[in-house]
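What the coordinates show
If you want the building blocks of each chain, they are given just below.
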Amino acid sequence: MMQIQQRFLYALTVVFSVVLIVTSSPAGDILKADDVIAVVNGTCLNRGDFDREMNKVMMQIMQRGKSLEGLDGVQLEAEVLESMINRELLVQESRKTSSEVTEKDVNEHLEKLKANYPGDDEFKKILARSNMSEADIKARIKDELVLQRFIDTRFVQEVTVSDKEMKEFYEQHQAMFKEPEQIRASHILIKVDANATDEEKAKAKKRLVEIEERLKKGEDFSTVARELSQCPSNANGGDLGYFRRGQMVKPFEDAAFSLKPGQVSS
């Protein structure tokens, strides 16, 4: 396991790079989705991509059983930016290989992605909310495929782990494979400001009642979540992944653990 990690990190260090970190805008300026935050060998990384990556990382943190409370936001942002830069360096290096990715390959993966959504219109709505076009998605898919083949060829295929090594690792790290009780839940979040007026609170409650009525009529939960939820999880149909007791706020946790599979609570 250690050999794999060392070889991969070494590969990162030998990739020639020219990285320019763009300073933040003056106080009071509002960062836009297309604002450049870093330039890697001439390729710009923008604020929109960074924000999407931050949302994804925060979701992963929650799914791994960790709380966002007390999280060092500045450090996390620095780590996410560094990760994006390293990935871009790998993508650029992978493009130099002879690995060919055809239009057919890209389209096949695009169709698999679309299959996760109720329909083409819903997929386009999600893209619009993310300020992305289908061409942007196809470009990313192509980069991912080229990068995956590059990693498989340069690293994965060169590393072999015997059955004996796997058994020894398991026996020495059994605690890593033990998991407490977990459940998987989805939610639809309607935000209300802490200083909201009674009228604003009533309006939010009305929206929740309307959502509940739609679900009672049989509408798909994930579809409604993508349309109306004000949580970053809306991109995943409200899916929060698996979590253990103590990871969520208690009222939500109590409700979630008391439900049976398929049940909905408000």
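None of these values were measured; they are calculated from a predicted model. The numbers attached to residues start from 1 for each chain and follow its sequence in the written order. Residues qualify for local features only when their pLDDT is at least 70, as the model is predicted, and side-chain atom pairs are given and counted only at 80 or more; totals for whole chains, interfaces and linings, by contrast, use all residues. Remark: hydrogens and water are excluded; side-chain values derive from all non-hydrogen atoms of the structure.

The next thing to look at is unusual backbone geometry. Although it is not a glycine, N41 adopts a positive phi angle of roughly 50 degrees. We count a stretch as a helix when DSSP gives it H or I for four or more residues in a row; a strand needs E for two or more, and each element gets its number in order from the N terminus. Locating N41 in the fold gives a position in the loop between β2 (36–40) and β3 (43–46).

On the secondary structure map, K114 appears in helix α4 (residues 103–114). With a relative accessible area of 16%, K114 lands in the buried category. In the analysis that follows, any N or O atom pair within 3.5 Å is treated as a polar contact, provided that within protein one partner can donate a hydrogen and the other can accept it, and provided that, for residues neighboring in sequence, both atoms belong to side chains. A distance of 3.5 Å separates the side chain of K114 from the side chain of D120, its partner in a polar contact. Polar side-chain contacts of K114 include one of 3.4 Å to the side chain of E134. The contact definition used throughout considers only heavy atoms, calling two residues in contact when any of these lie within 4.5 Å. Setting aside chain neighbours within four positions, we find K114 in contact with D120, F123 and E134. A simple rule labels every residue: compare its accessible area, found with a 1.4 Å probe on the protein chains alone, to the largest value its type can have, and call it buried under 20%, exposed over 50%, or partly exposed in between.

Moving on, we come to the packing of helix α8 (residues 198–216) against helix α9 (residues 221–228). The convention used is that axes are lines fitted to C-alpha atoms, helices contributing only their stretch in contact, and that angles between N-to-C directions extend from 0 to 180 degrees. As a packed pair, α8 and α9 sit with axes 10 Å apart at the nearest point and diverge in direction by 155 degrees. Taken as axis vectors, α8 and α9 run roughly antiparallel relative to one another. As α8 runs across α9, the sense of the crossing is right-handed. In this structure, α8 contributes R207, I211, R214 and L215 to the contact, and α9 contributes F221, V224, E227 and L228. For this classification, the nonpolar set comprises Ala, Val, Leu, Ile, Met, Phe, Trp, Tyr, Cys and Pro, the charged set comprises Asp, Glu, Lys and Arg, and every other residue, Gly included, is treated as polar. Grouping the amino acids of the contact of α8 with α9 by side-chain chemistry returns five nonpolar, no polar and three charged. Every angle not falling under 35 degrees, over 145, or within 65 to 115 is termed oblique; those three ranges are roughly parallel, roughly antiparallel and roughly perpendicular. A clockwise turn of the near helix away from the far one marks a right-handed crossing, whereas an anticlockwise turn of less than a right angle marks a left-handed crossing.

For this analysis, a salt bridge means a side-chain nitrogen from Lys or Arg found within 4 Å of a carboxyl oxygen belonging to Asp or Glu. Taken as a whole, this structure holds 15 salt bridges when the rule is applied. In this structure, the salt-bridge partner of R52 is D49, at a minimum N-O distance of 2.6 Å. Linking R52 with D49, this pair stays in helix α2 (residues 47–63), spanning three residues, or about one helical turn. For D49, a relative accessible area of 19% corresponds to the buried category. With a shortest N-O distance of 2.4 Å, R184 and D239 are connected by a salt bridge. Of this pair, R184 sits in strand β4 (residues 182–186) while D239 sits in strand β5 (residues 239–244), and the two are 55 residues apart along the sequence. By sharing partners, the salt bridges in this structure join K114, D120, K124 and E134 into a single network.

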